[in-house]
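# Tertiary structure, described
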Amino acid sequence: MSHTVGLSMVPVLHGGRLAAARRLFPAAPSPFIDLSTGINPHPYPLAPFSVAALTRLPEPESEEALRHLAASAYGAPSSDHVVAAPGSQILISLLPILLACRHVAILSPTYGEHAAAWRLAGVTVVPVPDAAALLEAAGAGVALVLCNPNNPDGRRIDADTLAMLAARCAEQGGTLVVDEAFADLEPDVPLAGSLLPSAGLLVLRSFGKCHGLAGLRLGFMLADLGLAGRMRTLLGPWAVSGPAIEAGLQALADDRWRSRISHILDLASHRLDRLLTGAGLVPVGGTRLFRLAETPDAAALFERLGTAGLLVRRFDNQPHRLRFGLPADEQAWERLRTALG
C-alpha cells in the first residue's frame, strides 16, 4: 500500500462556512442562519468547566471514565473496546494508517471524507451502490465502509445485513467500517457496536452532532481490542482535552436529556418536511437532524435562500438536491418559511 500524498487532491466541501457564505451573499440580512451542517441546534446545557480542565493535563482515570460511559451509550462490550478522540474526523483520516488495506469499497454516495482519506493514502477506492455489492467486494486486505444512517440521504442498513458484513470480513481477513455519526437519535438504526468483539469491525461515533457541541471536538471509535489499542497508540497521550472529557462525562450520562431532545427533534424534522413539501420540494430522506430534498430548481433556490441570509448544503455531484438542517428558533423558522415562499 502506498502512502504517497496526492498534492492535487481536491478538498471535500462541507457545510458550516458562514464567513464564506457572507462573502458569497454580502447583502444578506444578519444574522446569517446556518442550516447546512446537520448539527443539533439545541445544544446540551453544559455546566461550567472546572479550572483544572483548562489548566491541567487530563488524568487517565478521567478518560477511562469517559470511555466507560461511551461503551455503555454506544453498545461496546467494555471501555477497552473504545477509543476517545478529538472528533470522529481525525479517526477517519487515520484509518489508512491503522488498516493495511489494498482496496476499499464505500457504499455511496456518502460522506466525502471517507473516500478522500483513502485516496490521499494512495489506496484504490471503489464506490458501490448497495449492500449486496459491498458484500461482494469483501476479501482479505479489503475495507468495506458504510454510514448508518447515511449522510446525506438517511439510508438505513438493517441489523441482519450488518451482521452478515461483519461476519464476512472476520472470515476473510477484511475490515468493516461503520460510521454512526448520526445514529444517536435514530431508534430504528441498529448499533454495530453490539457485534463486538467481532474481529475486523470498527465503528465511528460523533459526540458533537447529537449534543450540538461540534466545536468541542469529541468522537469515539469502537473496535476489537487489537484495533482499539493500535488507534490509541496512533493518537498518543492526551488526545482528548480536559473540557471535552468533562463535557462527555456530563452529557453521555444524561439519558433524560437525550430522550427529551429526541422528541423535540422528531417534531422539528416533521415540521421541516411539511415546510419543504409545501414549498414544492420533495423530501427524499434524512435523520432527525437534517432533511435531503430534491427540486429541479435547486441552484436557484440555494441562491434565493442565501440572499435571504440562510445557508443550506448543496452538492456538486447531485445538483438537484439540497440538505436542510433544523432551524434553532421561531425567528429562524419564519425566515426559512418566508424565503421558501
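Presented here is an overview of the structure given in this document. On a predicted model such as this, the values are computed, not experimentally measured, just so you know.

## A short note on the overall build of the protein chain
The helix and strand tally for the protein chain stands at 13 helices and 13 strands. With the principal axes as the frame, the protein chain shows a C-alpha extent of 55 × 50 × 40 Å. Per-residue burial over the protein chain gives 51% buried out of 341 residues. Long-range contacts, defined here as pairs at least 24 residues apart, represent 71% of the contacts in the protein chain between residues at least 6 apart.

## Description of empty space enclosed by the protein
Throughout the structure, instances matching the rule amount to one cavity of 30 Å³ or more. Of the pockets and cavities examined, the largest cavity occupies roughly 30 Å³. Lining the largest cavity are Ala-181, Phe-182, Ala-183, Asp-184, Leu-185, Glu-186, Lys-209, Cys-210 and Leu-289. Considering only residue class, the lining of the largest cavity consists of six nonpolar, no polar and three charged.

## Let's talk about the sheet that holds strand β12 (residues 313-314)
With respect to topology, four strands assemble into an open sheet ordered β9-β10-β13-β12, the strand pairing being antiparallel. Each edge of the sheet is formed by a strand with only one pairing partner; in this case those strands are β9 (282-287) and β12. Here β9 runs beside strand β10 (residues 290-294); their pairing, made up of five bridges, is antiparallel. In the sheet register, Val-282 faces β10, and the bridge partner there is Glu-294. Contacts between helix α11 (residues 255-278) and the sheet are confined to β9, β10 and β13 (321-325), with β10 contributing the most and set at about 15° to the helix. Contacts from helix α12 (residues 298-307) reach β12 and β13, with the element oriented near 35° to β13.

## Remarks on α12
Within α12, the full set of buried residues consists of Ala-298, Leu-301, Phe-302, Leu-305 and Gly-306. Each buried residue of α12 lies within a common arc of 135° when the element is viewed along its axis, so the set occupies one face. For α12, the exposed residues set more than 90 degrees away from the buried face come down to Ala-299 and Thr-307. In the core, the buried residues of α12 are packed alongside α1 (18-24), β11 (310-311), β12, β13 and α13 (330-340). Count one or two residues on from α12 and you reach Gly-309, which has phi positive near 80°.

## So, the sheet that holds strand β4 (residues 124-128)
Strand pairing within a sheet occurs via backbone hydrogen bonds; the two strands may be parallel or antiparallel. The strand order across the open sheet formed by seven strands is β2-β8-β7-β6-β5-β3-β4, and the pairing between neighbours is mixed. Every other strand in the sheet has two partners, leaving β2 (82-85) and β4 as the edge strands with one partner each. Geometrically, the sheet is characterised by an average inter-axis angle of 20° between neighbouring strands, direction not taken into account. Bridge count between β2 and strand β8 (residues 219-223): four bridges; the pairing is antiparallel. Each residue of the ladder has a partner; that of Ala-85, found in β8, is Gly-219.

## Some points on the pairing of strand β6 (residues 175-179)
Across the five residues of β6, five count as buried, placing the element largely inside the fold. Going residue by residue along β6, you find Thr-175, Val-177 and Asp-179 tucked away on one face and Leu-176 and Val-178 tucked away on the opposite face as well. Once the chain exits strand β5 (residues 142-147) it traverses helix α7 (residues 159-172) before rejoining the sheet at β6, and the crossover so formed is right-handed. Summarising the sheet, β6 and strand β7 (residues 201-206) pair through four bridges and their orientation is parallel. Looking at the pairing, Leu-176 lines up with Leu-201 of β7.

## A look at the layout of surface pockets
Within this model, the second largest pocket holds a volume of roughly 280 Å³. Lining the second largest pocket are 17 residues, and of these Ile-33, Asp-34, Pro-41, Leu-326 and Ala-328 sit closest to its centre. For the lining of the second largest pocket, the elements supplying multiple residues, two or more each, are β1 (33-34) and α13. A per-class count over the lining of the second largest pocket returns nine nonpolar, five polar and three charged.

## Digging into the pattern of salt bridges
Evaluated as defined, the whole model comprises 13 salt bridges. The residue Asp-188 makes a salt bridge to Arg-156 at a minimum N-O spacing of 3.2 Å. With Asp-188 in the loop between β6 and β7 and Arg-156 in the loop between β5 and α7, this residue pair connects regions lying 32 residues apart in the sequence. When the shortest N-O distance is used, the salt bridge between Arg-271 and Glu-330 registers 2.9 Å. Residue Arg-271 is located in helix α11, and its partner Glu-330 is located in helix α13; the two are separated by 59 residues in the primary sequence. On the basis of relative accessibility, which here comes to 30%, the residue Arg-271 falls in the partly exposed class.

About the thresholds
Residues numbered from 1 in each chain as written. Predicted model: local features only at pLDDT ≥ 70, side-chain atom pairs only at ≥ 80, totals over all residues. Heavy atoms only, no water. Helix = DSSP H or I, 4+ residues; strand = E, 2+ residues; numbered from the N terminus. Buried < 20%, exposed > 50% of the residue type's maximum accessible area, 1.4 Å probe, protein only. Contact = heavy atoms within 4.5 Å. 1 Å grid on protein atoms, 1.4 Å probe; cavity = no way out; pocket = protein on both sides within 12 Å on 5 of 7 lines; lining within 4 Å. Points joined across faces, edges and corners; volume = space filled by probe spheres on them. Nonpolar A, V, L, I, M, F, W, Y, C, P; charged D, E, K, R; others polar. Pairing = 2+ DSSP bridges. Axes fitted to C-alpha atoms, helices over the stretch in contact; angles between N-to-C directions. Arc of directions from axis to C-beta. Right-handed = clockwise from strand over helix to strand, strands pointing away. Salt bridge = Lys/Arg side-chain N within 4 Å of Asp/Glu carboxyl O.

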